[in-house]
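Survey of secondary and tertiary structure
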Amino acid sequence: MTRVQFGGILPIWLVLIALLAGAIAIWVWYYRETKFLKSPYTYILPTLRATAFAIIMLMLAGPSLHHEWISGELSRIALLVDGSSSMAMDDQSPTGESFKNNSDEVKPQIANAKALSNSNTRLHRALRWLQEDRRNADPGWLAQQRSNFHLQLFEFAGSGPDGEPLPAIWDSSTEATNSPIEFELESVGNRTAIGDALAQATRRLLPRDIGVSKTADTDPTSPAAIILVSDGQSNAGESPLAVAERIASSGIPIFTIGYGQSQEPEDIGVISVDHSRSMYRTDSLQGTATLKQQLPRGQSFDVSIRHGSQVVWTQTYESDGAPTRTIEYRISGEELFSGLDVSTRQKATPIELVFETSTVGRDIAAENDRYESSLWGVVRKNRVMVMDPRGRWESRYIKNAFQRDEAWDVVTALGPEEFEKNPFPKTREELIGLDLLVMALDSVASMDEAKLRWISDYVAEIGGGVIWIDSGREPPPKNAIGESAAGKSMEWLPIRFTEENAPIPIASLTLEDIAIDQRAFAFEKDAASNRRLWESFPSPRVARRVESAPGAEVLVMGKTEANRLFPMIVTRQLGQGRIVYLANDETWRWRYNVADLYHQRFWNQLAQWVMQAPYAVENDFIALDSGDRTYSSGEDIFIRARLRDSNRNPLSKARAVAVISRDGVRVDTIPMSENPLSENGEATGLYSASINSLLPGRYEITLDVPGIPNEALELQTEFLVQPPQDLEMQSLAMHRTLLEQIASVTGGAYFDEQDADRISLSLKRFQKGKIEQSQTLLWQSYPWFLTVIGLLAVEWFLRKRSGLV
């Protein structure tokens, strides 16, 4: 290969500027003398003089012909450089500060030639060894060896796409041997997958062939050797030793160079936190925080929790010498709710928490000293109405179960007097403020067809939940107009009454398969234990004889002494809501000898399962919810919205779009799909969308809906996407043992970073060729000199012919 190069006293760009300027000036000046001559002398003479000047000026750039050719064959050497975040640690920093960005958002740390003089991270030290080190005029290892080998440089961190080779950062075969070596390395990964990187570096050597028919000597596509530059921290992907053993069978040695100190540096930080997803003002927030505690035994450190600008919890600890530690904390709800701006239309308000650690000693990694978390502060309880015209034991125990739970706001109409004084529902709007209805089936005696329609619309259109409790002791009740509950006005029930009205005695309860995975019916962790527990519950003495309606699901069956099965708990989805029917009113018997252990838990679980989850924020036009306050990276985020028009009717066929913003900047828009129509064919006004591709950060959700006033569209909800657990920060010491094992298994060798240059001696046995070079200095050659003399001679001859001499 032959290339033209310039190595003169002036750069080529400056020489070209001066050359063009001088040549043009000479041509114009000369043309003033030749413009009266005959053609072609008018133009040839100025051109000859300007060309000679240009060739003379070009000598200042030192043009030369650089010749390269390969003697023999160059062996391929693959260099793998660890680009994970642990390589951004500065082991020598006296202050313990790591190579980091001062902003709240962690950004990739880029290592390049310009940054080498003011940084001493592991990655920068590796780059100084590879490239030119301007501090001591070292040309760099790559420059020294690229004439002896075909060098390919790869950077890796976490696991890459399966089956794809690593992309090369730098390849010696694409550049001249004496050209400057310039590339950048980024420390961005929060995982290190050494095994995957080794496998990808030899991807062209198929796994089925390794150790069978190909070796590094016979397969020209595989590297002759691999150089691994890393701190040895491998916390993701395939086992490095398992991959090394496969590579060893192909005859490819791996030489490892370790960066970092062997002893774990002093570091304190927050690994993870755990607390409830929501709380009430009357609660206390209790939780745990898992800390990284790489400190000398007895050294003190502080842990604090901030809510806004206020420190709401702080504690001083002494290191116990363990690498990690879990601490507990407790913060009163009054302290967290104080100062919050709470709207009366909000279900909950966000509570932001920041966990921080500090120590007077050395702390090498500042990135893990701060951990953000968030939860919902619930300001509106779930609202439930319990109705029973007879005030049975079942209804009263259910009322007590809800009242003992801080999550519920209970309204009751129990007994004949209370039921008569407070008929329900009086209006359709009265239903909208409720999340759940629990009613004895004979409550329909006070309801006409219109009120029953309100309840069905409440379930289908608003997404409310209704639990009907039957006793089976009397025939099916009739509504206010004398129609039986088995009639058309209640055909939306999940059951059908049989002609035989005699109650049935139940010997035991059987949990159906479809209910095994439903949280409402789960008391034990494994399915078998849970099923046995249900069979052990005190069975109802009597129950209604019913059949499941088409489209309904039977969750619990009752078994008689004759082993006949009858539906006991049946459910169906009606539009956006759910209806559950219980064929008996004797779950209160479950309290026998165990009090509320199962009874209260069952009714709370059943209620949460039946009712639609309340929206976090709402106004007259929009109700909006995005689920939890915090999500893990990659977790599905489900966005729900309920849209109403100016008459509070469901808004159908709207072009609703969820606008996702981060720190006030729009980052994405997600079209929302309208949920299916209710069973009666009416619009529900319910829309939903999901997303799972958001980067870690804090996000706001708003809606863009044509036809809804702008002030209503200002409604927003927020959530926080947590970054994946940073395994890199849990251990920062160099894992020398792993690097030595990888080298030993494959027949390579391990070198400390101080002895990295010694690897050149180990690679000599793989050298099968060499890039030879020669150089011809054009500006000092006879052809160059003769060209200038020839141009001037021709010019003198033509001047004489034209009469100018």
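Here goes a summary of the coordinates provided. (Residues numbered from 1 in each chain as written. Predicted model: local features only at pLDDT ≥ 70, side-chain atom pairs only at ≥ 80, totals over all residues. Heavy atoms only, no water.)

Applying the stated criterion to the full structure yields 35 salt bridges. One salt bridge in this structure joins Arg 277 and Asp 628, with 2.6 Å as the shortest N-O distance. One end of the pair, Arg 277, is in the loop between strand E10 (267-275) and strand E11 (278-280); the other, Asp 628, is in the loop between strand E29 (622-625) and strand E30 (630-632), with 351 residues separating them in the sequence. Residue Arg 277 is classed as exposed on the basis of its relative accessible area of 57%. Between Arg 392 and Asp 388 there is a salt bridge, and its shortest N-O distance comes to 2.6 Å. (Salt bridge = Lys/Arg side-chain N within 4 Å of Asp/Glu carboxyl O. Helix = DSSP H or I, 4+ residues; strand = E, 2+ residues; numbered from the N terminus. Buried < 20%, exposed > 50% of the residue type's maximum accessible area, 1.4 Å probe, protein only.)

This brings us to the pairing of strand E8 (residues 225-230). Where burial is concerned, most of E8 is hidden: 6 out of the 6 residues are buried. Side chains Ala 225, Ile 227 and Val 229 project from E8 onto one buried face, and the interleaved Ile 226, Leu 228 and Ser 230 project onto a second face that is buried too. The sheet contact formed by strand E3 (residues 75-82) and E8 spans 5 bridges and is parallel. Directly across from Leu 80, in E8, lies its bridge partner Leu 228. For the segment spanning E8, helix H6 (residues 240-248) and strand E9 (residues 254-258), crossover handedness is right-handed. (Pairing = 2+ DSSP bridges. Right-handed = clockwise from strand over helix to strand, strands pointing away.)

Before going further, it helps to spend a moment on the packing of helix H1 (residues 12-34) against helix H2 (residues 41-58). Packing of H1 against H2 brings their axes to within 8 Å, and their N-to-C directions diverge by 155°. With respect to each other, H1 and H2 are oriented roughly antiparallel. Crossing geometry of H1 relative to H2 is assigned as right-handed. In this structure, H1 uses Ile 12, Val 15, Ala 18, Leu 19, Gly 22, Ala 23, Ile 26, Trp 27, Trp 29, Tyr 30, Tyr 31 and Thr 34 to contact H2, whose residues at the interface are Tyr 41, Thr 42, Tyr 43, Leu 45, Pro 46, Thr 47, Arg 49, Ala 50, Phe 53, Ala 54, Met 57 and Leu 58. (Axes fitted to C-alpha atoms, helices over the stretch in contact; angles between N-to-C directions. Parallel < 35°, antiparallel > 145°, perpendicular 65-115°, else oblique. Left-handed = near helix turned anticlockwise from the far one by under 90°. Contact = heavy atoms within 4.5 Å.)

Attention shifts here to a nonpolar patch on the surface. Taken together, the side chains of Ile 9, Leu 10, Trp 13, Leu 14, Ile 17 and Leu 60 define a hydrophobic patch exposed on the protein surface, amounting to about 600 Å² of accessible area. Residue placement: Ile 9 occurs in the loop between strand E1 (2-6) and H1. (Patch = residues over 30% accessible without salt bridge, like charges linked within 9 Å, V, L, I, M, F, W, Y side chains within 5 Å. Areas by Shrake-Rupley, 256 points an atom, 1.4 Å probe, with all protein chains shown as cover.)

Moving on to the packing of helix H5 (residues 194-201) against H6. The N-to-C vectors of H5 and H6 enclose an angle of 25°; their axes lie 7 Å apart at closest approach. Compared by their axis directions, H5 and H6 come out roughly parallel. In the crossing of H5 with H6, the sense of the turn from one axis to the other is left-handed. Here Ile 194, Gly 195, Leu 198 and Ala 199 of H5 come into contact with H6, specifically with Pro 240, Val 243, Arg 246 and Ile 247.

The strand order across the open sheet built from 6 strands is E6-E5-E3-E8-E9-E38, with neighbouring strands paired in mixed fashion. The sheet is open, and its two borders are formed by strand E6 (168-171) and strand E38 (750-752), each paired with just one other strand. The mean inter-strand angle of the sheet, taken between neighbouring strand axes irrespective of direction, is 20°. Across 3 bridges, the pairing between strand E5 (residues 149-156) and E6 is antiparallel. Looking at E6, one finds that Phe 154 is bridged to Ala 168.

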